[in-house]
Amino acid sequence: MFSNYLIGLREGLEASLVVCILIAYLVKTGRRDALRPIWIGIGIAVAIAMGFGSALEFGSQELTFEAQEALGGSLSVLAVGLVTWMVFWMRRTARHLKSELHGKLDAALAMGTGALVATAFLAVGREGLETALFVWASVHAASDGTPRPLIGVALGLATAVLLGWLFYRGALRINLAKFFTWTGGMLVVVAAGVLAYGFHDLQEANWIPGISDLAFDISGTIPPDSWYGTLLKGVFNFQPDPTVVQLSVWAAYLVPTLAVFLITPEFAARLRGRRREGAAAGAEGGVPASK
């Protein structure tokens, strides 16, 4: 439930901040007449995201078991790819998001109502579709026959809306760059579990071999139906009997992705500077080319 709450909070807060920035800018510049097209674009984006999520959920129920597993596994891999790109993108642009949106909004104001609707739709729609896909994949991976995963997502989205409103009213101020860095790191951990589960789905669909090759089986020590087994499943998508493929994919994704993500921009800049200095020093002390 916590992992799904985190997804709802993180993804929902991004959309909430986008909405707050758009609305606050129009109010501040005295363009309240442009609020209606913005809300129309936001409403269309939310409706399409909800429709996309519903289509994934109810459309997959009409498929055969193997087709369901193939679809679930493929979409899980796609969702992890999108969310990985998203957390790196937000970590890089969080400080400049406001000015970027203001620039797009100024251009849309000059073009008219249709451009305003399109700007709001594109700004929120991307977040909505990514959220719908990743939430579906995560709920599918963490599903235990109870509504707890969906409750977690709903609570996360509700918290995001509340935080967005507090930001808009000026009642809450936090360092967004640090917030998105820490939540992004936790989301990478969640994504690793979703990716591993997605590969397990592909194994059950007979797309990838090795469904019977278990890396280990500690079901006797950590029963899946125990409270701590359920907690580990809900937070990390932990499985007590993963296949070798699952465990390999989980480690191959989590370790390098988390390591790269947690490298601060300042450290990366210093590292690039040292590399350039080393290359320059090597060029100066190089051996003359032979004749």
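Structural data are supplied above this passage.
This is a predicted model, so every value here is computed, not measured.

Parameters and conventions
- Here the residue numbers are simple positions, counted from 1 along each chain's written sequence.
- Totals for whole chains, interfaces and linings use every residue, but because this is a predicted model, local features are given only for residues with pLDDT of at least 70 and side-chain atom pairs only at 80 or more, for both listing and counting.
- The side-chain numbers reported here are obtained from all heavy atoms of the structure, hydrogens and water having been left aside.
- The numbering of helices and of strands both runs from the N terminus, where a helix is a DSSP run of H or I of at least 4 residues and a strand a run of E of at least 2.
- The buried label goes to any residue with under 20% of its type's maximum accessible area, the exposed label to any with over 50%, and the partly exposed label to all in between, with areas taken from a 1.4 Å probe on protein chains only.
- Whether two residues touch is decided by their heavy atoms; if any such pair falls within 4.5 Å, the residues are in contact.
- Stacked, tilted and edge-to-face are the three classes applied to pairs of Phe, Tyr and Trp rings, where Trp contributes its six-membered ring and a pair requires centres within 6.5 Å; stacked means planes under 30 degrees apart, edge-to-face means over 60, and tilted covers the rest.
- We define a polar contact as two N or O atoms separated by no more than 3.5 Å, with the added condition that, inside protein, one atom must be a possible hydrogen donor and the other a possible acceptor, whereas residues neighbouring each other in sequence contribute only through side-chain atom pairs.
- Patches draw on residues past 30% relative accessible area with no salt bridge. Two like charges within 9 Å are joined, as are two nonpolar side chains (Val, Leu, Ile, Met, Phe, Trp, Tyr) within 5 Å.
- Per-residue and other accessible areas were derived by the Shrake-Rupley procedure at a 1.4 Å probe size, with only the shown protein chains allowed to occlude residues.
- When a carboxyl oxygen of Asp or Glu is within 4 Å of a side-chain nitrogen of Lys or Arg, the pair counts as a salt bridge.
- Method remark: on a 1 Å grid restricted to protein atoms, a set of points is classed as a cavity if a 1.4 Å probe fits but cannot get out and as a pocket if it is open with protein on both sides within 12 Å along at least five of seven lines; lining residues have an atom within 4 Å of a point.
- Grid points are joined across faces, edges and corners, and a volume is the space filled by probe spheres set on the points.
- Gly counts as polar in this scheme, as do all residues outside two lists: the nonpolar Ala, Val, Leu, Ile, Met, Phe, Trp, Tyr, Cys and Pro, and the charged Asp, Glu, Lys and Arg.

A. Quick look at the overall build of the chain. From N to C terminus, the chain includes ten helices and zero strands. Starting at the N terminus, the α and β elements of the chain follow one another as α-α-α-α-α-α-α-α-α-α. Out of the 291 residues in the chain, the part that is buried amounts to 43%. Across the chain, every contact between residues at least 6 apart in sequence was considered, and the portion connecting residues at least 24 apart equals 81%.

B. How the structure looks around the packing of aromatic side chains. Scanning the entire structure with this criterion turns up one aromatic pair. Here the aromatic rings of F88 and F261 are separated by 5.3 Å at their centres, their planes lie at 90°, and the arrangement is edge-to-face. You can see F88 sitting in helix α3 (residues 65-93) and its partner F261 sitting in helix α9 (residues 244-262), a full 173 residues away along the chain. On the basis of relative accessibility, which here comes to 24%, the residue F88 falls in the partly exposed class. You can call F261 buried: its relative accessible area is 0%.

C. Spotlight on the side chain of Q246. Here Q246 lies in helix α9. Polar contacts involving the side chain of Q246 include one to the main-chain carbonyl oxygen of A196, which spans 3.4 Å. In terms of polar contacts, Q246 uses its side chain to reach the side chain of Q239, at 3.1 Å. In contact with Q246, other than residues within four places in its own chain, are A196, Y197, H200, Q203 and Q239.

D. Main features of a nonpolar patch on the surface. Residues I40, I44, I48, F52 and L129 make up a contiguous nonpolar surface patch of roughly 370 Å² in combined accessible area. When residues in the nonpolar patch are grouped by element, the largest group, four residues, is from helix α2 (residues 35-60).

E. Structural context of the layout of surface pockets. Computed from the structure, the largest pocket encloses a volume of approximately 1300 Å³. Along the walls of the largest pocket sit 44 residues, with M50, T131, V135, V153 and L157 positioned nearest its centre. Of all the secondary structure elements, the ones that give two or more residues to the lining of the largest pocket are α1 (2-28), α2, α5 (113-142) and α6 (148-169). Top contributing element to the lining of the largest pocket by residue count: α2, with eleven residues. Residues belonging to the lining of the largest pocket are distributed by class as follows: 26 nonpolar, 15 polar and three charged.

F. Looking closely at unusual backbone geometry. With a phi angle near 65°, N206 is a residue other than glycine that sits in the positive phi range. Accessibility expressed as a relative area gives 55% for N206, which makes it exposed.

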